[in-house]
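The lines below spell out each chain.
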Amino acid sequence: MCFICDLKSPTSLSPTPDTQPEHVWSARRGFLLAGAAAAAGAALPAAAQVSVGSGSTLRNLVPAAELETAAGQQYGQMMAEAQSKKLLMPANNPQVQRLRTIAQRIIPNSTQWNSRAKDWKWEVNLIQSDQINAFCMPGGKIAFYTGILEKLSLTDDETAMIMGHEMAHALREHARARMAKSSATGMGLSVVAQLLGLGQLGDVAANLGTQLLTLKFSREDETEADLVGLELAARSAYQPRASVTLWQKMTANGGGSGAGFLSTHPSGPNRIRELEANVPKVQGLYEQARRG
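Residues numbered from 1 in each chain as written. Predicted model: local features only at pLDDT ≥ 70, side-chain atom pairs only at ≥ 80, totals over all residues. Heavy atoms only, no water.

Caption draft 1: Fine view of the sheet that holds strand β3 (residues 141–145). What the 3 strands build is an open sheet, ordered β1-β3-β2; its pairing is mixed. Looking at strand neighbours, the two that pair on one side only are β1 (123–127) and β2 (134–137), the edges of this open sheet. Ignoring strand direction, the axes of neighbouring strands in this sheet form an average angle of 15°. As defined by bridge partners, β2 adjoins β3 across 4 bridges and the pair is classed as antiparallel. Across the sheet, A134 pairs through a bridge with F144, a residue of β3. (Pairing = 2+ DSSP bridges. Helix = DSSP H or I, 4+ residues; strand = E, 2+ residues; numbered from the N terminus. Axes fitted to C-alpha atoms, helices over the stretch in contact; angles between N-to-C directions.)

This is the structure we're talking about:
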């Protein structure tokens, strides 16, 4: 049994609400209510055309605001370092303008997947590097590497699929959930103490913020990001079929050098088949967005 379930189980060895001190039960009850409220931020939209789960409740072990702050700090440091090495592409660079235009079309459709996104300070930057990579940190901090645009000769539609995919990871709080699982495994009962108000859970997010770029998502996370990203892009008038051509290009480039994206986002026929099966589900959204 996971320790979350143990907290709520009537057979737990912990004292019952009738016997434990009132301040401890109040702290526990407060955490569970806060967790339920936080979960609503990444709930599945009623109008969603793709089918994904409701998201891991484990993410509620790591405060969203703390993690987003830590991510913003790390992102700022990365951009400053890139700037100092003259690798941060300027705002007037055509590729930067292209990325920011794509983001401006997708961002308005993000809030239905996470209500917190309306308050995010979205940023989009481009780093000069041969790496085939891109990411979106919690809080809407997006970066692309020139290698992924140039080596794959991405169209705007294909670029939108990558951006939608990475934004989906942030919107569905996959990093938050993965970090919570890692914290639970590494700290065990000390996390339970923090849940009851006996520790500073915010420190977990701050300490784990530096791990964001090396975090590997599960296969389920990747599938969910593919589908949510597909719908985000379609609602923003980007051709859904581009999700398939994108991953065909990724697969063809699988043996290339500097494929950082492929190390954390493995390609394969199953991934392409899943996307092909979902393209028709969002085709109407795309056509509606094009007319609008």
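Caption draft 2: Structural view of the environment of I162. Mapping I162 onto the fold places it in helix α6 (residues 156–171). Since its relative accessible area comes to 1%, I162 is described here as buried. When the C-alpha positions of I162 and D226 are compared, they lie 8.7 Å apart, and in sequence the two are 64 residues distant. (Buried < 20%, exposed > 50% of the residue type's maximum accessible area, 1.4 Å probe, protein only.)

Caption draft 3: Geometry of the pattern of salt bridges. Under the defined criterion, the tally for this structure stands at 12 salt bridges. Notably, a salt bridge pairs E81 with K85, separated by 3.1 Å at the nearest N-O pair. For K85, a relative accessible area of 52% puts it in the exposed group. Notably, a salt bridge pairs E231 with R235, separated by 3.1 Å at the nearest N-O pair. Linking E231 with R235, this pair stays in helix α10 (residues 219–235), spanning 4 residues, or about one helical turn. For E231, a relative accessible area of 0% gives the class buried. Each of the salt bridges in this network shares a partner with another, and the network as a whole consists of E222, D226 and R271. (Salt bridge = Lys/Arg side-chain N within 4 Å of Asp/Glu carboxyl O.)

Caption draft 4: Spatial organisation of helix α4 (residues 94–106). With 13 residues, α4 extends 19 Å from end C-alpha to end C-alpha; this agrees with the ideal 18 Å at 1.5 Å per step. If you check which residues of α4 are buried, you get V96, R98, L99, I102, A103 and I106. Along the axis of α4, the buried residues cluster in a sector spanning 160°; they form a single face. Residues of α4 that are exposed and point more than 90 degrees away from the buried face comprise P94 and Q104. Contact partners of the buried residues in α4: β1, β3, α5 (146–151), α6 and α10. Among the residues of α4, the N-terminal cap falls to N93, whose side-chain oxygen and the backbone nitrogen of Q95 are separated by 2.8 Å. (Expected span 1.5 Å × (residues − 1). Arc of directions from axis to C-beta. Contact = heavy atoms within 4.5 Å. Polar contact = N/O pair within 3.5 Å; in protein donor to acceptor, adjacent residues only side chain to side chain.)

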